[in-house]
Amino acid sequence: MYVTFENQEVSLAELAVTAPILYHNIDQLVSLDSFFKTQASMEAPIPTQSCLDLASLATSTKDNAMLKELGTNKAEYDKMISLCGMKWMDVFDIFPSLSGQVTLSFLLSSMKMNHPRSYSIASCKACVGSEIDLVVGSFFFSRGGSKIEVGVCSNFLTNVTFGDEITFKIESNPSFHYPLDPIAPLIFICTGTGFAPIRGLLQKRSYFRSRGEKMGTAYLVFGSRSKQEGLFEDEIENFINEGTLTDAFKCYSREPGMKKQYTTDIMKNEKIEQVLAPIVESDDSHVFICGSAHMFEMCKSVMIEMTSKFRVNKLIEEGRLHSDVFGALNPAGSLISRSRSASINEGLNNLSSRRKLVRNRNINSYRHSMTSSDVDISQFKRLQIPAKLPTV
């Protein structure tokens, strides 16, 4: 199937790959407010090809020359990225002569989709009712200069206030649920904010215990930067004192005066290995790991060392090794099947004046999605939109 865009026929399959935002909006009525808040990745850097395309729209010689240089000289482009990020949200500040020159159709075909972000739910419904707990670490970074930047979603989540409206979607993650057998021996391994889904499972275990159900042994291997951070210290101690956890083994990677230790290091400790190895070898045990993909692979290797590859493979094959690994992003957006062709040019002429045929969202309304365990966030708070952005 083909559509007409800027007097050219383009297949839907090609459009889905080369211009996902454009594909997503075929046959849709979208307000500019909705487009920039929910769909466009304003934080993404302007690619080199777009620099060349924008150069032809710049009305000043300076902007034109700079954009051409950035589009053809990778060293200069990389330098500009390190200096200011070259984000779409700053394009009219960096290149003032583009104001009034960039069309909406250009942005639709050039900008990337704002991909969803996932956050694990850190609570059990039986314990918190209609609430949802998240564990979020604020992300700050610098590109080498004096400017400090923040993570889009972590900054959003840590700045929402009571009364803010948040729309989200919850998806089930069937591979990371509490085992059906309450007396099965368990091992939980996590670091930092990776405690989130483990926390939810421990709350559920605590709920079962409060109802008088018999529980098997459960051990936690937990890593954080330092004792001073105090991440979940009180909760972990409470879980131990009430019998939800049999014990917890902690390690710190940035504790002053102490050697760096990671979860895999303490798992190799002889006394701790003597506790964990029999559980890994058990035919009814479950192991839950949450952290980076690298940490997951390292933990798996340590378990093989303390038992055997056969035992760990048996855990995997029987679905008793559960992982909630972060660092990987979900697809930028689902593809929407279309039953008929559409003239995008015709639709673009009306995009700026007509509203999408769903309920309107005001500036304080944010869209999120979650996955099981997970919350995918695809909207910004107080997004900076160029005041002079032209419409088609």
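Use the structure listed above.
Let me sum up the structure you'll find in this document. In this text the structure is predicted, and so the values were computed from the model without any measurement.

## Considering the pattern of salt bridges
Tallying each qualifying case throughout the model produces 14 salt bridges. With a closest N to O distance of 2.8 Å, K87 and E43 form a salt bridge. Residue K87 is located in the loop between α6 (74-84) and α7 (91-94), and its partner E43 is located in the loop between α3 (32-39) and α4 (48-55); the two are separated by 44 residues in the primary sequence. Note that K74 is salt-bridged to D78, the shortest N-O span being 2.7 Å. Separated by four residues within a single helix, K74 and D78 lie in helix α6, roughly one turn from each other. For D78, a relative accessible area of 35% puts it in the partly exposed group.

## A few points about unusual backbone geometry
With phi around 50 degrees, M86 is a residue other than glycine that occupies positive phi space. When you line up the elements, M86 lands in the loop between α6 and α7.

## Re the pairing of strand β8 (residues 247-252)
Pairing of strand β7 (residues 218-224) with β8 involves six bridges; the strand directions are parallel. Pairing of S224 across the sheet is with Y252, part of β8. Assessed by its sense of winding, the connection that carries the chain from β7 through helix α12 (residues 233-242) to β8 is right-handed.

## Thoughts on a nonpolar patch on the surface
A contiguous nonpolar surface patch, about 310 Å² in accessible area, is contributed by I132, I166, F168 and I170. Residue position: I132 is located in the loop between α9 (125-128) and β3 (140-142).

Calculation rules
- Residues numbered from 1 in each chain as written.
- Predicted model: local features only at pLDDT ≥ 70, side-chain atom pairs only at ≥ 80, totals over all residues.
- Heavy atoms only, no water.
- Salt bridge = Lys/Arg side-chain N within 4 Å of Asp/Glu carboxyl O.
- Helix = DSSP H or I, 4+ residues; strand = E, 2+ residues; numbered from the N terminus.
- Buried < 20%, exposed > 50% of the residue type's maximum accessible area, 1.4 Å probe, protein only.
- Pairing = 2+ DSSP bridges.
- Right-handed = clockwise from strand over helix to strand, strands pointing away.
- Patch = residues over 30% accessible without salt bridge, like charges linked within 9 Å, V, L, I, M, F, W, Y side chains within 5 Å.
- Areas by Shrake-Rupley, 256 points an atom, 1.4 Å probe, with all protein chains shown as cover.

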